[in-house]
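Here's the letter readout for the chains.
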Amino acid sequence: AQSVTQPDIHITVSEGASLELRCNYSYGATPYLFWYVQSPGQGLQLLLKYFSGDTLVQGIKGFEAEFKRSQSSFNLRKPSVHWSDAAEYFCAVGDTTGANNLFFGTGTRLTVIP
Amino acid sequence: EPEVTQTPSHQVTQMGQEVILRCVPISNHLYFYWYRQILGQKVEFLVSFYNNEISEKSEIFDDQFSVERPDGSNFTLKIRSTKLEDSAMYFCASSVQRGSYNEQFFGPGTRLTVL
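Residues numbered from 1 in each chain as written. Chains lettered and ligands numbered in written order. Predicted model: local features only at pLDDT ≥ 70, side-chain atom pairs only at ≥ 80, totals over all residues. Heavy atoms only, no water.

Student: Whenever I open this one, the overall build of chain A confuses me. Can you help?
Tutor: When helices and strands are tallied, chain A shows 0 helices and 12 strands. The order of helices and strands in chain A, counted from the N terminus, is β-β-β-β-β-β-β-β-β-β-β-β. In terms of overall size, chain A behaves like a compact globule, its C-alpha atoms giving a radius of gyration of 14 Å where 114 residues would be expected to give roughly 13 Å. By its C-alpha atoms, chain A is 45 × 30 × 25 Å across when sized along the principal axes. (Helix = DSSP H or I, 4+ residues; strand = E, 2+ residues; numbered from the N terminus. Rg over C-alpha atoms; globule rule 2.2 N^0.38 Å.)

In structure tokens, the structure reads:
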């Protein structure tokens, strides 16, 4: 069965510092992989997604993620964090058989300090 | 930019009462979803809906739950006889096409508190 693990519940970084949020998945084949962000009072917004091809994917707001099959990971990175990046980040796995549902991790809350 | 909206933002109800959570998906989208997140836990898939019928549902989505598209714009989740463990954030989402590779656009959620 599909599952997603985000081992970090809460991360605090200084503004301008680099960021890496971890995501590990369990799936029988290469899954569809997603990162969503949720700002307070907002819905989940798609940051980026991986389906196939280049394992380094670029997203919105300067984020990128790298798919590593050998580690079953899809970590999210940003070279320089801005205060507006403070939010909850969710990694998700999509079924490749055509079903619609996404499987989410528990989320990582990012706090950005001046 | 079109967005998914949900009402109310927060619903408080007594155990055993029925609640209806409302969602307005993006107008040209054809697939609709409900997810929930119990505090501190994962966002969990409940159900997907297409062409006026349920497309997929999880084991969470039992007879206590039902979904409906009563008109051309709203998509509702009804929970009959609410239980304490139904307290959660409920997210509605919509997508243009089927398949998880199609971006699902999420609403801001309704926080349901069952007392």
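Picking up where we left off.
Student: How should unusual backbone geometry be read in this particular structure?
Tutor: Glycine aside, negative phi is the norm for most residues, and most peptide bonds take the trans geometry. All names here are of chain B. Between Thr 7 and Pro 8 the backbone carries a cis peptide bond, its omega angle lying at -10 degrees. Relative to the elements of secondary structure, Pro 8 occurs in the loop between β1 (5-7) and β2 (10-13). Despite not being glycine, Asn 52 has its phi angle at roughly 65 degrees, a positive value. For Asn 52, the location among the structural elements is in the loop between β5 (43-50) and β6 (53-57). For Asn 52, a relative accessible area of 57% translates into the label exposed. Even without being glycine, Ser 81 reaches a positive phi, approximately 45 degrees. Summarising the element assignment, Ser 81 is placed in the loop between β8 (75-79) and β9 (88-95). (Buried < 20%, exposed > 50% of the residue type's maximum accessible area, 1.4 Å probe, protein only.)

Student: Where do I start with the packing of aromatic side chains in this structure?
Tutor: Aromatic rings in a pair are described by how distant their centres are and how their planes are angled relative to each other. Taken as a whole and judged by the stated rule, the model has 20 aromatic pairs over all chains. Ring centres 5.9 Å apart and planes at 25 degrees place the aromatic pair Trp34(B) and Phe75(B) in the stacked group. Linking Trp34(B) in strand β4 (residues 31-37) with Phe75(B) in strand β8, this pair joins segments that are 41 residues apart in sequence. Comparing Trp34(B) with Phe75(B) shows no difference in burial state: the two are buried. Summarising the aromatic geometry, the rings of Phe61(B) and Phe65(B) are spaced 5.7 Å apart at their centres and angled 25 degrees between planes, so their arrangement reads as stacked. Comparing Phe61(B) with Phe65(B) shows no difference in burial state: the two are buried. Each residue in the set Tyr32(A), Phe34(A), Tyr36(A), Phe51(A), Phe90(A), Phe104(A), Tyr33(B), Tyr35(B), Phe45(B) and Phe106(B) is aromatic and connected to the rest through ring pairs, giving one cluster. (Phe/Tyr/Trp six-rings, centres within 6.5 Å; stacked < 30°, edge-to-face > 60°.)

Student: When you look at the pairing of β6(B) in this model, what are you seeing that I'm missing?
Tutor: The side chains of a regular strand alternate, first on one face of the sheet and then on the other. Residue and element names in this part refer to chain B. For β5 and β6, the ladder comprises 4 bridges, and the chain directions are antiparallel. Residue pairing for β6: Tyr 50 is matched across the bridge by Glu 53. The turn joining β5 and β6, which pair antiparallel and follow one another in sequence, is formed by 2 residues; a positive phi near 55 degrees is taken by Asn 51. (Pairing = 2+ DSSP bridges.)

Student: Is there a simple way to think about the interface of chain B and chain A in this case?
Tutor: A common way to express how large an interface is: the accessible area buried when the components associate. If you look at the interface, chain B gives 22 residues, while chain A gives 23 residues. For the pair chain B and chain A, the summed buried area comes to about 1,800 Å², and 54% of that belongs to carbon and sulfur atoms. Scanning the region where chain B abuts chain A turns up 0 salt bridges. Elements with a minimum of two residues in the side of chain B that touches chain A: β4, β5 and β6 of chain B. Counting residues per element, the side of chain B that touches chain A draws most heavily on β4(B), at 4 residues. For the side of chain B that touches chain A, the class distribution of residues is 9 nonpolar, 9 polar and 4 charged. (Contact = heavy atoms within 4.5 Å. Buried area = accessible area lost by both parts, 1.4 Å probe. Salt bridge = Lys/Arg side-chain N within 4 Å of Asp/Glu carboxyl O. Nonpolar A, V, L, I, M, F, W, Y, C, P; charged D, E, K, R; others polar.)

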